[in-house]
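The lines below spell out each chain.
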Amino acid sequence: MKIVHISDNHLGKAQFYLAEREEDLYRAFNQAIELALMEKPDLIIHTGDLFDSYRPHPRAFVKAFEGFLKVLERDIPIAIIEGNHELGADTIRRRITSPIVNLKRLFERLGFKNFFRLGPGIERIGDLVIGGIPYTSRGAHIVETIESLDRKRKQICNCPSILMIHQGVKGMIKAFYPEIELSDIARSSFDYVAMGHYHNRVVYRKGNRVFAYSGSTEVIEMREVPISVREGKSILSIDLDKGSVEVRPLALKTRPFVYINERISNTRELYSLIETVSQFISSLEDRPVIVGKVKVNEVKVGLVKLEFKRALQDKALYVKIDEVRQDKVERPAEQIPTGIGLEDVVHSAIGSMRLDDDVKRLALTVFDLWYREGRRGDPFIQKLISMAEGD
């Protein structure tokens, strides 16, 4: 069977508050769909964070609907799970349904029965068994759920199988905190374990089985940039038979990112570096995003940021260069976490505190209001008051 694995599109995100970056994410998603259709797959799987918010902008919802409609109209089934961005506080408390549930209901009303939302659950699709588990905060009870799905898989048929999860997996990635161990997944007997949440591509083979993050379809977090510049963004094409799994990346053409990590000693070297970057980006087809850091010593404080922006802002979509003084102690590179964002840092920090569980849940809810829903000022205060009053 031919499977295509897509993940982490984050539709609706306007990175740097730029409309161009929101469009970039839509363009990458559309390109992923077109590449997938060219493979003529038996199934397309999506491992979460289709949207950047559990309350996506209508335009983001329409873009997702239009892309998936192209797939379903060709009688190609889709299996999908929710990621952490689709599971906000109100979704978890069932005050609203997730956007993935809403997509499923819409497709069903249009007569499409081959859009499978696994939450958690297991389905037989043709000669394939596929299980899925939505994102679970800190991986709670996920090992038991995997074991349950594996038992059900064995009862259905002895055919090729896939497990979809959206978690940080220790042994696959360097993350802030392990939500689940690779060994916990490896004990199951699924042939292909499709993963979302981590935004760079990782493919790990163990015997005849494969465990893989397809990665995001565009750069979402700045921590992704060094690897993304080197390896690019992609989706994965999988040829799956019982006892045989072959994985091939399908490269996406995305907006160029230029990553700078240089050390300079004086202003002459600064202007030489800027000139080198300027000449490089002049050969690019699209205006790039320029990010990174420059380590300096005998250069006036603030001059690096100022001169990079002055010289390159008209040639680039966005420029952000951090200035690091060489006389300051830097964190060792191996301690700098990669691929996980602010949301995961805060959730991990709160989860590790010695607090009552109700207090932890309240803290996470307040953070979700501020971070996911973007509430600020009076709306934020009014919501807190409403919560305190028990609404």
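Up top you'll find the structure we're talking about.
On a predicted model such as this, the values are computed, not experimentally measured, just so you know. Each chain carries its own residue numbering, running from 1 in the written order of its sequence. The model is predicted, so local features are restricted to residues of pLDDT at least 70 and side-chain atom pairs to those at 80 or more, both for listing and for counting; the totals for chains, interfaces and linings are taken over all residues. Side-chain metrics rest on all non-hydrogen atoms present in the structure, leaving aside hydrogens and water.

## Looking at the sheet that holds strand S3 (residues 78-80)
Then step 1. Spatially, S4-S3-S2-S1-S13-S14 is the arrangement adopted by the six strands of the open sheet, whose pairing is mixed. Both outer strands of the open sheet, strand S4 (115-117) and strand S14 (244-252), are each paired with one neighbouring strand and no more. On average, each strand axis in the sheet is inclined to that of its neighbour by 20°, with strand direction left out of account.
Then step 2. Any two strands with at least two DSSP bridges between them are considered paired. Starting at the N terminus, helices and strands are each numbered in turn, a helix being any DSSP run of H or I of at least four residues and a strand any DSSP run of E of at least two. Where strand S2 (residues 43-46) and S3 come together, three bridges link them in parallel fashion. Counted as the bridge partner of His 46 is Ile 80 from S3.
Then step 3. Most of the contacts of helix H4 (residues 99-109) go to S4, to which it runs at about 150°, and overall it touches S3 and S4. Interaxial angle, 0 to 180 degrees, is taken between N-to-C directions of lines fitted to C-alpha atoms, where a helix line uses only the stretch in contact. Contacts: residue pairs with any heavy atoms within 4.5 Å of one another.

## Quick notes on the pairing of strand S6 (residues 128-132)
A regular strand carries its side chains on alternate faces of the sheet.
Then step 1. The buried fraction of S6 is high, at five of five residues.
Then step 2. Only protein chains enter the accessibility calculation, which uses a 1.4 Å probe; a residue whose area is less than 20% of its type maximum is buried, one above 50% is exposed, and one in between is partly exposed. Of the two faces of S6, both are covered, the one formed by Leu 128, Ile 130 and Gly 132 as well as the one formed by Val 129 and Gly 131.
Then step 3. Where strand S5 (residues 121-125) meets S6, five bridges bridge the pair, whose relative direction is antiparallel. Within the sheet, the bridge partner assigned to Arg 124 lies in S6 and is Val 129.
Then step 4. The pairing of S6 with strand S7 (residues 161-166) spans four bridges and is classified as parallel.

## Here's the deal with the state of the cysteines
Then step 1. Note on terminology: disulfide denotes any pair of cysteine sulfur atoms within 2.5 Å. Following the criterion strictly, the structure yields one disulfide and no others.
Then step 2. The disulfide bridge from Cys 157 ends at Cys 159, spanning 1.8 Å between sulfur atoms. Each member of the pair, Cys 157 as well as Cys 159, is classed as buried.

## Details of the nonpolar core
Then step 1. To define a nonpolar core, start from buried Ala, Val, Leu, Ile, Met, Phe, Trp, Tyr and Cys residues and group those joined through side-chain atoms within 4.5 Å. One finds Leu 50, Phe 51, Phe 68, Leu 103, Phe 107 and Ile 235 to be the most contacted residues of the largest nonpolar core, which totals 32 residues.
Then step 2. Contributions of two or more residues to this core are made by strand S1 (2-6), helix H1 (19-38), helix H2 (58-72), S3, H4 and S14.
Then step 3. Among the elements that take part in this core, H2 stands out by supplying eight residues, more than any other.
Then step 4. In this structure, Phe 68 is in contact with Phe 29, Ile 33, His 46, Leu 50, Ile 78, Ile 80, Leu 103, Phe 107 and Phe 115, ignoring residues within four places of it in sequence.
Then step 5. One finds Leu 163, Met 172, Phe 190 and Val 193 within the second-largest nonpolar core, a separate group that totals 24 residues.

## Details of the side chain of Asn 200
Then step 1. One can find Asn 200 in the loop between strand S10 (192-196) and strand S11 (202-206).
Then step 2. A 3.5 Å cut-off defines polar contacts: any pair of N or O atoms within that distance qualifies, except that in protein one atom must be a possible hydrogen donor and the other a possible acceptor, and neighbouring residues in sequence count only when both atoms are side-chain atoms. One polar contact links Asn 200 to Ser 228, side chain to side chain, over a distance of 3.2 Å.

## Some thoughts on H1
Then step 1. For H1, with 20 residues, the first-to-last C-alpha span of 29 Å sits near the 28 Å given by 1.5 Å per residue.
Then step 2. Arg 21, Glu 22, Asp 24, Leu 25, Tyr 26, Ala 28, Phe 29, Ala 32, Ile 33, Leu 35, Ala 36 and Leu 37 are the residues of H1 that are buried.
Then step 3. Phi turns positive one or two residues past the end of H1, at Lys 40, with a value near 50°. To estimate how far a helix should extend, the number of its residues minus one is multiplied by 1.5 Å.

## Let's talk about the pattern of salt bridges
Then step 1. By definition, a salt bridge exists where a carboxyl oxygen of Asp or Glu is found within 4 Å of a side-chain nitrogen of Lys or Arg. One pass over the full model with this rule turns up 21 salt bridges.
Then step 2. Taking the shortest distance from any N to any O, the salt bridge between Asp 24 and Arg 21 comes out at 2.8 Å. In this pair, Asp 24 and Arg 21 are both assigned in helix H1, three residues apart and thus about one turn of the helix distant.
Then step 3. Here Asp 24 falls in the buried class, since its relative accessible area comes to 2%.
Then step 4. Residue Arg 21 is classed as buried on the basis of its relative accessible area of 0%.
Then step 5. Arg 255 serves as the salt-bridge partner of Asp 286, at 3.4 Å between the closest nitrogen and oxygen. Of the two residues, Asp 286 sits in the loop between helix H8 (267-281) and strand S16 (289-296) while Arg 255 sits in the loop between S14 and strand S15 (257-263), which places them 31 residues apart along the sequence.
Then step 6. Given the relative accessible area of 32%, Asp 286 is considered partly exposed.
Then step 7. On the basis of relative accessible area, Arg 255 is assigned to the buried category, the value being 10%.
Then step 8. Shared partners join several salt bridges into a network, and the residues in it are Arg 21, Asp 24, Arg 27, Glu 218, Arg 255 and Asp 286.

## As for the environment of Glu 39
Then step 1. Checked against the element boundaries, Glu 39 lands in the loop between H1 and S2.
Then step 2. The sequence separation of Glu 39 and Lys 2 amounts to 37 residues, and the corresponding C-alpha distance is 7.8 Å.
Then step 3. Each residue touching Glu 39, except ones within four places of it in the same chain, is listed here: Lys 2, Val 4, Ser 237, Arg 248 and Leu 250.
Then step 4. In this structure the side chain of Glu 39 is engaged in a polar contact, spanning 2.7 Å, whose partner is the side chain of Ser 237.

Structural measurements only, silent on function.
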